Structure formats: C-alpha cells, structure tokens
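Coordinates in review
For reference, the chains in residue letters:
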Amino acid sequence: MRNNVNRRDFLKISAGVAAGTATAGMGGEALAQGKPAAGFAYKPEKGAKLRVLRWKRFVQGDEDAFMKNVKAFSDKFGVEVRVDNEGWEDVRPKAAVAANVGSGPDVIYGWFDDPHQYPDKLLDVSDVAGYLGAKYGGWYPVAETYGKRDGKWIGVPLGAAGATFVHRISHVQAAGFKEFPKDLGGFLELCKAMKAKNTPAGFALGNAVGDGNSWVHWLVWSRRQDGQREGTRVINSPETVKALEYAKALYATFVPGTLSWLDANNNKAFLDGQVSITNNGISVYYAAKTSTDAKVKALVADIGHANYPIGPTGKPTELHLFSQAFAFRYSKAPNAAKAFMAFMMEKEQYEPWQQAAIGYITQPLKAYESNPIWTVDPKHTPYRDCVKNMTAHSHAGKLGYASAAAMADFIMVNMVAEAASGSKSPKEAAERAQARAQRYYKV
Amino acid sequence: MDYLESPMRRWVTLYIPLLCFLVILLFPFYWMAMTSFKPNEELVSRAANPFWIVQPTLAHFERLLFTTAYPQWMWNTILVSVVATFTSLAASVFAAYAIERLRFRGSKQTGLAIFLAYLVPPSILFIPLAAIVFKLGLFDTRWALILTYPTFLIPFCTWLLMGYFRSIPYELEECALIDGATRWQILVKIILPLAVPGLISAGIFAFTLSWNEFIYALTFVSSSENKTVPVGVITELVEGDVYHWGALMAGALLGSLPVAVLYSFFVEYYVSGMTGAVKE
C-alpha cells in the first residue's frame, strides 16, 4: 500500500473520483495495438471468494439475469461471489478508493477510462480478452481502445448503454421527411422544419453525464479526422469552431430550457410531448411500453430510433456510456476474478442477459450482433450498432486521468452550451475549452 | 408604544417578511410531500398542476418501504448518527473545557487548529481515511462511519462548546475550587448543567451533519444492508436515467422527519445555545 500521495497522485485520484468522463482529442499518441494474447483456461483458485461491484441496474431484468449468471458461475466453479450495486455515477469514486488504498472489490464494472487511471493496480487480462475476442468474432475497435493500454488488456469490455436519436415518427413525416436524415445537413433541416411545425427537438446542454456528453462529443468529433493533429492539443481548431457554429444553428430549433437539462429531463420532456427528437437510451421506449397511462402508452407505435447522423468525417462518431470490468492486483483470487469476467461474457450468459436488459446494453463483441434482442422488435435494431459506431471520448488522445478529468469537468458540454446559447462566440468557446483542457493535460 | 404600530407598518415589518421566510423554508417540504403522493402520470404531465395532486397515491411509499431496504437504511442512519453524535459530544466537552478553562500553554492555538481542521473538506479527507478504515478492517461496516464521522463532528462541536463555556462566569468555578471541588466535579456538577443549551445545539448540529453525510457513507460502505438513507435511496431509486421521483421524494420526506422532530423539541435550547456560543 502506498503511504505517500504527491501532487501528481492527488490529481490522478481526483480525476478518478470525479463522476463522468472526458473530452477532447487533445493530443497523445494512438494506443499501441496489442500483442497476440496468451491462452486462457478457467482455473479459479479452490475455495476462492469474490467481491464484485457493479453499477445499479438500468432495468430490473438486467439485475435478475446478472444474478442468475453469477449463481451459475458459483455453482459451476464453487466460487462464492458477492455482488454489490452502486449508483452508476458512484462507481468511480469507489473504484478510485479501492485502487489507491489497495483493498476492496476483486472485480469492478466501471465506466469509460476508469482502468486507465490506475493501470499499474490492475491485473493483465490479455488472456481473457484474447480468448473472448477469438471466440466471438473479435472486439469492436473502440472496445480495444478502452480495454487496452500499452498493448496489454487491463479491462474486459462489457458493452455500452447506447443512445440513438429517439423521435416521433409522425412528427418527422409531418415535417416533410420520409425517413430520418443520415447526414448533418439533413438533420439541421429536419430540426428547423420540426420547429416550424411546433414539434421541436431538445438535447441536454446541462451537465448531463450521459446524454449531454454523448451528443456533444458526436457533434464535435463528426468534423474531425482521426489522428489529424496527433501529438498536439487542438480542441481549439477550425473544425471545432465549425461544429460549434452548427450547434448554434441547431440550438435555435430546440425547445427552451435545454441549457439546464440533465440526464432525466429529456426523458420526461419526450414522454410529455414537449420535444419530438432527443438523444437517449432505450429507456424512453421501455417507459412508454410499460406505462399505465394510456396517453404515454399510445406513444409506443410512434416512437422511432435512428443512429446519430454522420458528419464530414464520413464515419460514425458516436459516444455512449461504455462499461468494462477490471480486476485488481490485490485480489487474493486473481484466477477466479478472470474466470468470472470471462464467464459473464460467454454466449450462454451474455445473450440472455442482453435480452433481459431489453436492449439497454450493446455488445462489444461482434458475434453478439446476431442476438435476437436486436431483431425481435425492429425498433431495437439501431441500438445494436452503438458500440460499432463509437469513437472514444479522448479521440486521438491517450486515455487516462486527464481524459477522465476533462470529461468530469464537462469541458465539451460547456463549450457547446456556451457557443449554442450565444454567451460566447464559437471561437471564444473553443479557446476557453482549450485552456481548461490544458490544465489537466499538463499534469 | 402600541400606538406607534399601525396595521400597515406591522404588515410591512412583520407579516410579509415572515410569510416570505415561511414560504422559502417550507416550500421544499411541501414539494417533497406533493411529489411523494403524486401518481407518475401527474408527475410527468405538463398539463397537471405542479403544486397540487388530483389523485393522491401511496404507491411510492409502498415501493420505498416494501421493495427496498429503506427500513434497514433508516435504522443504520439512526444508529450511526446517534452513536457518532454522543461520542463526538463527549470528546468535544473535554476538549472545549480543557482549552477554555485549563488554559495550558498553546491552548488558543490548539483551539484555532481544531477549528481549522473543521475547514478541511471531506472530499479531501476520504482517501486517507479510506486507507485507515481498510487497515483496521472496518470497511463495509457501520463502525467505519461511526468512527470517521467524529473527524468532522468533534472540531465543530468543540468550537461551538468553547464559545459556550466562555459565556459561563469563571467565578462559579473559583467558588467551587475554594469549596474543594475537583476539576471533574466542577465539570460534571457545575459546567455541564449550565451548558445544557450549548450541548443540545451542538448535539443537534452533529446529529444533522451525521444524518445527511454522503461521501463517507458512499465510500466506506458497499453492502445494501449497511447503507444509510442518503446513499441507499440514490442507489436503489435511480435506474440509469430514470429517476423514481415519487419514491425518492418519499424517501427524502421520511428521512427528514426525525431531524425535524428533533429540532421542534429542542428549538428553545437550540436558540439559546447558539446565542451563548457566539457571544464573547
């Protein structure tokens, strides 16, 4: 256990503690691609006991299926597993504490770049990730980005709580669009037409950890090329300024009040008919389906889901709440921890769990694209591709405490909000974001 | 002097400001109560009156009390708050008495240092405290909270009691000393009975701080059965971006009642305790 905490450590710990995640492709090299993985075999220690910390379920079915899988693991390998649940935004401080005091849960299901903040405290799980990747069609590129550091896997990606553009099909059609636009220009035109019809769009511009970060990162990265300015910190770039000008035009079509919206606001506004387009997980559709209110239930047939439009980069640049499991070196049962992480990702466990979570979680392994959950209802299908369409929130920059701190500080969200609302010009907003980001990246 | 008080003047100087205070102070309670009895349909509807309920329901309380471990969280909160408060008060009485009355060399600086310790925010202290909690094997137990809460309660209570002890005439102690009383007898038989209002106000403050504490409770406890109310309701009643507002507000309402009842019983002592503590 470390007894001395210096300034650098403190900043790293603080970054870990902060909820949320990060921004900007300000620099750093792209992650090194991995070496061939070593073999993996299920060999948990005899009589091992595991403590697992995960984020609290998004839907009840998720937790029930997860616990069923945990029981199956315990029955099969004789390993006692205790699972603790924590609010999804509260897992990060607990993980940071566990990492820094060297004691706590054996396995944690955390978010985004959590493992990159304390990589030296984590087990190398290259064997597990290599085994799963080989067996299930390979990992999506973004899963490798988040799971690997310096060629080693330090996390086993679980998937992402994906978001799409949730919209009212009839309102989109009434605005003169047969289908949801797939490019930025078309999307802006749609929002303008819908505003004119008094069925406006609305996207969170408050400090919304999930929905706010998701759409603003997409918006800014949609105009950036991968590795375009590798090695430099360039959030203040001509592409960013163009993206912010677009945000300003888009904001003019929004329902009033989005500057203060947090994660829960857009759900409520959509279900109440205040907005006809927003970005969200499948929860809105699920809430409408299970509602006892006839008015809300009537929305089910009219709710559509579309993947985020593609910008001048020509490829998807979505950001979703990405989760991965990681195990600590202090664990007394490292093999059992690895076995647990692998077991939960096997087809027999993972697919039923995904189904029970009604499409809330999108897989990081390509083979699970064929899970029937994505086709049983055509409205689920866009969520299938969320991880495939993802760009890491650090863009070309290296994941770590700076990327986590920058996201926790809502630099990107605030930049877009400032430019969109007109409180700053796009150029000024980009300059301020750059200055804020540099504070973290200098450490 | 009543002739100087016209009804208009009385409205402007008393009733209207009082009404403003009441609205500001009671509105959060009103909102909590309204939301906790409102059905979900009315909660999300723009057409519904936000300040009133058309069809009140107990469904949120039912969910809170019977589908979550809320009663257990409440018991944990009570236990942790009461034990931490009494422990802290005992330590603070000795510390404040020593600093104010024994007047050893450096007593003033000690008092100041204790106050400065209170200014260190828990968000900085929780990492080193976590290391200690783990080393002592207290992680995920209620003892982790009972023993860490005094780190912010004792400085606060000591500072408050120092002010109150200062307001008790020194001559009373001198008389007792002449009559042969020991320091312990002076403390127990003279100072403490006179300092009851100060003790109550420090106790209420300590109890409230413990009751509302979040970051230590979040960090040092993992098991649902050991959680306190502030952490438990957030964990159990927020599912992703779906906030169960009705049940959350029901939890907040029930959680705030014990503190409100405590205040109402001791409000007179509390006011005089605060006045004693601040006067020089």
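Residues numbered from 1 in each chain as written. Chains lettered and ligands numbered in written order. Predicted model: local features only at pLDDT ≥ 70, side-chain atom pairs only at ≥ 80, totals over all residues.

Moving on, we get to the overall build of chain A. The helix and strand inventory of chain A stands at 19 helices and 11 strands. At a minimum sequence separation of 6, the contacts of chain A that also span at least 24 residues come to 80%. (Helix = DSSP H or I, 4+ residues; strand = E, 2+ residues; numbered from the N terminus. Contact = placed C-beta atoms within 7 Å.)

This paragraph deals with the overall build of chain B. For chain B, the helix and strand inventory stands at 14 helices and two strands. Taken along the three principal axes of its C-alpha coordinates, chain B extends 75 × 70 × 30 Å. Counting across all 280 residues of chain B, residues that qualify as buried make up 38%. By sequence separation, contacts in chain B at least 24 residues apart represent 79% of the contacts at least 6 residues apart. (Buried ≥ 20, exposed ≤ 12 C-beta atoms within 10 Å, placed from the backbone.)

Let's shift gears to the packing of helix 8 (residues 184-196) of chain A against helix 10 (residues 238-251) of chain A. All names here are of chain A. Contact geometry of helix 8 with helix 10 gives a least axis separation of 9 Å together with a crossing angle of 25°. It follows that helix 8 is roughly parallel to helix 10 by the angle criterion. Contacts from Leu184, Leu188 and Cys191 of helix 8 reach helix 10 at Tyr246, Ala249 and Leu250. (Axes fitted to C-alpha atoms, helices over the stretch in contact; angles between N-to-C directions. Parallel < 35°, antiparallel > 145°, perpendicular 65-115°, else oblique.)

All names here are of chain A. Pairing analysis gives seven bridges linking strand 1 (residues 49-55) to strand 2 (residues 80-86), with the strands arranged parallel. Counted as the bridge partner of Val52 is Val83 from strand 2. Between the parallel elements strand 1 and strand 2, the chain passes through helix 2 (residues 60-77) in a crossover that is right-handed. (Pairing = 2+ DSSP bridges. Right-handed = clockwise from strand over helix to strand, strands pointing away.)

So, on to the nonpolar core. Core analysis: the biggest nonpolar cluster contains 205 residues, and A:Leu50, A:Ala247, A:Phe340, A:Met341 and A:Val416 have the highest contact counts within it. Once residues within four sequence positions are removed from consideration, A:Phe340 is found in contact with A:Leu50, A:Phe73, A:Val81 and A:Val107. (Core = buried A, V, L, I, M, F, W, Y, C linked by C-beta atoms within 7 Å.)

Residues and elements named next belong to chain A. In space, the six strands of this open sheet follow the order 2-1-3-10-6-11, with mixed pairing throughout. Two strands lie at the open edges of the sheet, namely strand 2 and strand 11 (361-362), each paired on one side alone. With five bridges connecting them, strand 6 (residues 156-161) and strand 10 (residues 321-327) associate as antiparallel partners. Within strand 10, the position partnered with Ala160 by the bridge is Phe322. Contacts from helix 14 (residues 334-345) reach strand 1, strand 2, strand 3 (107-111), strand 6 and strand 10 within the one sheet, and its direction differs from that of strand 10 by about 150°.

Looking now at the interface of chain B and chain A. Taken together, the contact pairs 21 residues of chain B with 33 residues of chain A. Among the elements of the structure, helix 2 (40-44), helix 6 (122-135), helix 12 (215-220), helix 13 (229-237), strand 1 (238-239) and strand 2 (242-243) of chain B are those that each provide at least two residues to the side of chain B that touches chain A.

Attention now goes to the environment of A:Ile169. All names here are of chain A. With respect to the element layout, Ile169 can be found in helix 7 (residues 169-174). Overall, Ile169 belongs to the partly exposed group, with 17 C-beta atoms counted inside 10 Å. For the pair formed by Ile169 and Thr278, sequence separation is 109 residues and the distance between their alpha carbons is 13 Å. With residues near it in sequence (within four places) discarded, Ile169 still touches Asp302 and Gly304.

Here chain B averages 89 in pLDDT, and 95% of its residues register 70 or above. The complex prediction reports pTM at 0.82, with the ipTM value standing at 0.72. (pLDDT = per-residue confidence, 0-100.)

Residues and elements named next belong to chain A. Among the seven residues that make up strand 10, seven are buried, leaving the element largely enclosed by the rest of the structure. One ladder, built from five bridges, connects strand 3 with strand 10; its direction is antiparallel. Across the sheet, the residue bridging to Tyr109 is Ala325, located in strand 10.

Our next topic: the packing of helix 3 (residues 91-101) of chain A against helix 6 of chain B. Interaxial distance between helix 3 of chain A and helix 6 of chain B falls to 10 Å at its minimum, and their mutual angle equals 65°. Between helix 3 of chain A and helix 6 of chain B lies a crossing whose hand is right-handed. On the side of helix 3 of chain A, the interface is formed by A:Val97, A:Asn100 and A:Val101, while helix 6 of chain B contributes B:Ile127, B:Ala130, B:Ala131 and B:Phe134. When the residues that make up the contact of helix 3 of chain A with helix 6 of chain B are grouped by side-chain class, the tally is six nonpolar, one polar and no charged. (Left-handed = near helix turned anticlockwise from the far one by under 90°. Nonpolar A, V, L, I, M, F, W, Y, C, P; charged D, E, K, R; others polar.)

Turning our eyes to something else, we now look at the domain arrangement of chain A. Interfaces are often sized by the amount of accessible area the parts lose when they come together. Residues and elements named next belong to chain A. Partitioning chain A into structural domains gives domain 1 (38-162 + 320-384) and domain 2 (164-318 + 409-441). Just the C-alpha atoms count here: the centres of domain 1 and domain 2 sit 29 Å apart. A breakdown of the residues in the side of domain 1 that touches domain 2 according to their chemical character gives eight nonpolar, three polar and two charged. (Domains from an automatic or database assignment.)

Our next topic: the domain arrangement of chain B. Residue and element names in this part refer to chain B. On domain assignment, one finds that chain B holds domain 1 (2-57) and domain 2 (68-278). The C-alpha-based centres of domain 1 and domain 2 are spaced at 32 Å. Opposite the seven residues of domain 1 that make contact, domain 2 presents six residues. Of all the secondary-structure elements, those providing two or more residues to the side of domain 1 that touches domain 2 are helix 1 (7-37) and helix 2. In terms of residue count, helix 1 provides more of the side of domain 1 that touches domain 2 than any other element does, four residues in total. A breakdown of the residues in the side of domain 1 that touches domain 2 according to their chemical character gives three nonpolar, three polar and one charged.

It is worth spelling out the sheet that holds strand 7 (residues 164-168) of chain A at this point. Residue and element names in this part refer to chain A. Reading across the sheet, the three strands line up as 8-7-9 and stay open at both edges, with antiparallel pairing between neighbours. The sheet is open, and its two borders are formed by strand 8 (277-280) and strand 9 (303-306), each paired with just one other strand. When strand polarity is set aside, the average angle formed by the axes of neighbouring strands in this sheet is 30°. In this structure, strand 7 lies alongside strand 9, joined through four bridges in antiparallel fashion. The residue bridging His167 from the neighbouring strand is Gly304, located in strand 9. This element, helix 12 (residues 283-290), spans strand 7, strand 8 and strand 9 of the sheet and lies at about 160° to strand 9.

Turning to unusual backbone geometry, a few remarks are in order. Across residues other than glycine, the phi torsion is negative in most instances, and most of the peptide bonds are trans. All names here are of chain A. Although it is not a glycine, His395 adopts a positive phi angle of roughly 55°. We classify His395 as buried; it has 28 C-beta atoms within 10 Å. Even without being glycine, Phe410 reaches a positive phi, approximately 55°. Along the chain, Phe410 turns up in the loop between helix 17 (401-408) and helix 18 (411-421).

Right, let's talk about the environment of B:Leu138 for a bit. Residue and element names in this part refer to chain B. Note that Leu138 resides in the loop between helix 6 and helix 7 (142-148). Given 17 C-beta atoms within a 10 Å radius, Leu138 is considered partly exposed. In sequence terms Leu138 and Tyr15 are 123 residues apart; their C-alpha atoms lie 53 Å from each other. Those residues in contact with Leu138 that sit more than four places away from it in its chain are Val133, Trp143, Ala144 and Leu147.

As a further point, take the environment of B:Asn76. Residue and element names in this part refer to chain B. With respect to the helices, strands and loops of the structure, Asn76 is situated in helix 4 (residues 70-102). By the C-beta count within 10 Å, which is 22 here, Asn76 ends up buried. When the C-alpha atoms of Asn76 and Asn226 are compared, they prove to be 6.5 Å apart, with 150 residues separating the residues in sequence. Beyond its immediate stretch of four places on either side in the chain, Asn76 contacts Arg142, Asn226, Lys227 and Thr228.

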